[in-house]
Amino acid sequence: MQRARPNAGNTENPGIMNELDGLSALIIEPHAGMRATIHNMLTVCGLGKVDHVGGSNQAIKHLGARPYDLILCEYALEGGQDGQQLLEDIRHHKLMPLSTMFFMVTAEGDYGKVVSAAELGPTDYILKPFTADRLLERIARALEKRNVFMPVYSLMEAGSQREAIDACLEGEATHPRHLIDFMRLRAELHMFLGEPEQAEPIYRKLIESKAIAWARLGLAKTLFLRERYSEAQDMLEHLVDNNKNFVDAYDWLARTHEAVGELDKAQAVLHDAVGVSPHAVRRLRKLGETAFEAGDHDTAEKILKQVVSKARYSEFRDPQDHVRLVQTLVRKGDPVQAAAVIRDLDKSMAFQKHTNVCSAIASSMVHEYTGNETRLNEALTTALAASKDAPELRPELKLELARVAIDNRMEEGAAEVVREVMRNAQNGAAVARAMAVFEKAGQGELAQKLALESRQQVVDLVAGGAARARDGDFKGAVALMQEAVAKLPDNPQVVFNATLAVLKYLDNSGWDERLGQQALTYITTVRRLDPVNPKLPALAGLHQQILRKYGKGPQGAQPRKAG
């Protein structure tokens, strides 16, 4: 017998179920009975491709294997991670296409908690209990908007941000109902392209037409990126005073305080933000680290313990969080508890990348404090050797390793660590922090020497790649610069020149799909590391020129087919 379908007459699109027929969905729900109920509802609504999982780790594996058009995620997940934390992981690790519709499913009692998830951009939320008709209505609304924005999403995911801006302008003209959303997206695209001066008038126009909090936040970001910190701070303080739940504004206000060296104020703002949205692990981590740098070790201990506890259930847990907690406990004079944290690290993350080097760095701190010289030397030797193969380790942990090494007569190992941090530094301030390790040990001349050596090594690397390209050895230039990025993933100069090498190879040697994707990844990295680099538009322009040359540009960027 054919199952009766819900009455779709109350939706804006009477043919909605025909549109749903080819779409795919993922249900994330811990209770088997509820999974079956939602699965049946989606089937009744017309979706023919529905997967379901019981928890966050299974969801991550499914999302890593294939994209979905629709995700229905229960807020109250089991296993230690809630739906908000899972959404944070999915967004941060880019496991969900722009076109995916994400619904947070929650009981009415948890609604207040779900509101804080809005900062992470779910498409919508739906309160339990709900009917198939209600679910269909909400999906129809989201699908209608997705269809309007799909041309822009497709261009963005193809790396054609400039064309996406033109598509937004066209959308503003043809879909006035979504004018504000198109303007917002256009401003964000200019910010992504490193053009805050282009984004500023769009945000100002939005503010004039309607007092929109996120438009004011966008304007504050344009001021921040141009180092107009005082103006940005005034605007952000006004935002948080008038929008107590606007956590993104808190984050940027904290960044503004940090940029001018006001760590105590940054800590206070982050504390308020965590009060509004207590589940976001990355914000908690930032608060703990800021408190540590500000010398508030009691707060740092409390918050970093929460980070370790909450991150334990994430598929992306990071052993470096344990090291920061150990560092805090040692600074507080509690080696016994610090040793317990190391044991937990070794046990709970035995198979995680970099667990061994993190354990060795943490152990060196504890053994230095307790005066166990034999164990200290063993831990330092292990940590110094392992750190050479761990370019992703946070620089602050590497610098702490260098400090312990130099204070315990391992100057050569410390120098190599500091040299590597300097080579990978994003800016002059990062180099200065690295130099301070040797300066505080009374070796200022050595610090200067290391800085000069590191700078010259980067110059030589870049020059070597450029020379090979000039000689027509485009393949060799790419290989050299790929190796450089693997060693120095956070150096904007290195990543920029690696991008240039890849683009020149593609331009002169023909299209290569893997290198085409790598070029897009490199350009995104440069934008993250150096968003106002004046050469970025030219680099992006060359990328678009090459895409058009091989027919890989906007004309090929059709909406993704479901399934």
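Relevant structure appears above.
Conventions used here
Residues numbered from 1 in each chain as written. Predicted model: local features only at pLDDT ≥ 70, side-chain atom pairs only at ≥ 80, totals over all residues. Heavy atoms only, no water. Salt bridge = Lys/Arg side-chain N within 4 Å of Asp/Glu carboxyl O. Helix = DSSP H or I, 4+ residues; strand = E, 2+ residues; numbered from the N terminus. Buried < 20%, exposed > 50% of the residue type's maximum accessible area, 1.4 Å probe, protein only. Axes fitted to C-alpha atoms, helices over the stretch in contact; angles between N-to-C directions. Parallel < 35°, antiparallel > 145°, perpendicular 65-115°, else oblique. Contact = heavy atoms within 4.5 Å. Nonpolar A, V, L, I, M, F, W, Y, C, P; charged D, E, K, R; others polar. Polar contact = N/O pair within 3.5 Å; in protein donor to acceptor, adjacent residues only side chain to side chain. Core = buried A, V, L, I, M, F, W, Y, C linked by side-chain atoms within 4.5 Å.

(A) Expanded view of the pattern of salt bridges. Applying the stated criterion across every chain, the model contains 43 salt bridges. Here Asp298 ties to Lys332 by a salt bridge, and the two come within 2.9 Å at their closest N and O atoms. Here Lys332 lies in the loop between helix 16 (320-331) and helix 17 (335-348) and Asp298 lies in helix 15 (residues 297-311), a separation of 34 residues in the sequence. What makes Lys332 partly exposed here is its relative accessible area of 35%.

(B) Representation of the packing of helix 6 (residues 132-157) against helix 7 (residues 161-174) in the model. Across the interface, helix 6 lies against helix 7 with an axial gap of 8 Å and an inter-helix angle of 170°. One finds that helix 6 runs roughly antiparallel with respect to helix 7. Taken together, the residues of helix 7 that come into contact with helix 6 (itself represented by Val152, Leu155 and Met156) are Gln161, Glu163, Ala164, Ala167 and Cys168. A per-class count over the contact of helix 6 with helix 7 returns six nonpolar, one polar and one charged.

(C) Molecular detail of the side chain of Thr499. Position of Thr499 among the secondary structure elements: in helix 25 (residues 492-509). In this structure Thr499 comes out as buried when scored by relative accessible area, which is 0%. A distance of 2.7 Å separates the side chain of Thr499 from the backbone oxygen of Val495, its partner in a polar contact. Not counting the four nearest positions on each side in its chain, Thr499 is found in contact with Ala519, Tyr522, Ile523, Val526 and Leu539.

(D) The nonpolar core, seen in detail. Among the nonpolar cores identified, the biggest contains 52 residues, and Val326, Ile361, Val418, Met422 and Phe438 are the most heavily contacted of them. Leaving out residues up to four positions away in the same chain, Phe438 has contacts with Ile406, Glu411, Ala414, Ala415, Val418, Gln443, Gly444, Leu446, Ala447 and Leu450. Counting residues in each nonpolar core, the second largest holds 39 residues, with Met191, Trp214, Leu239 and Trp252 among its members.

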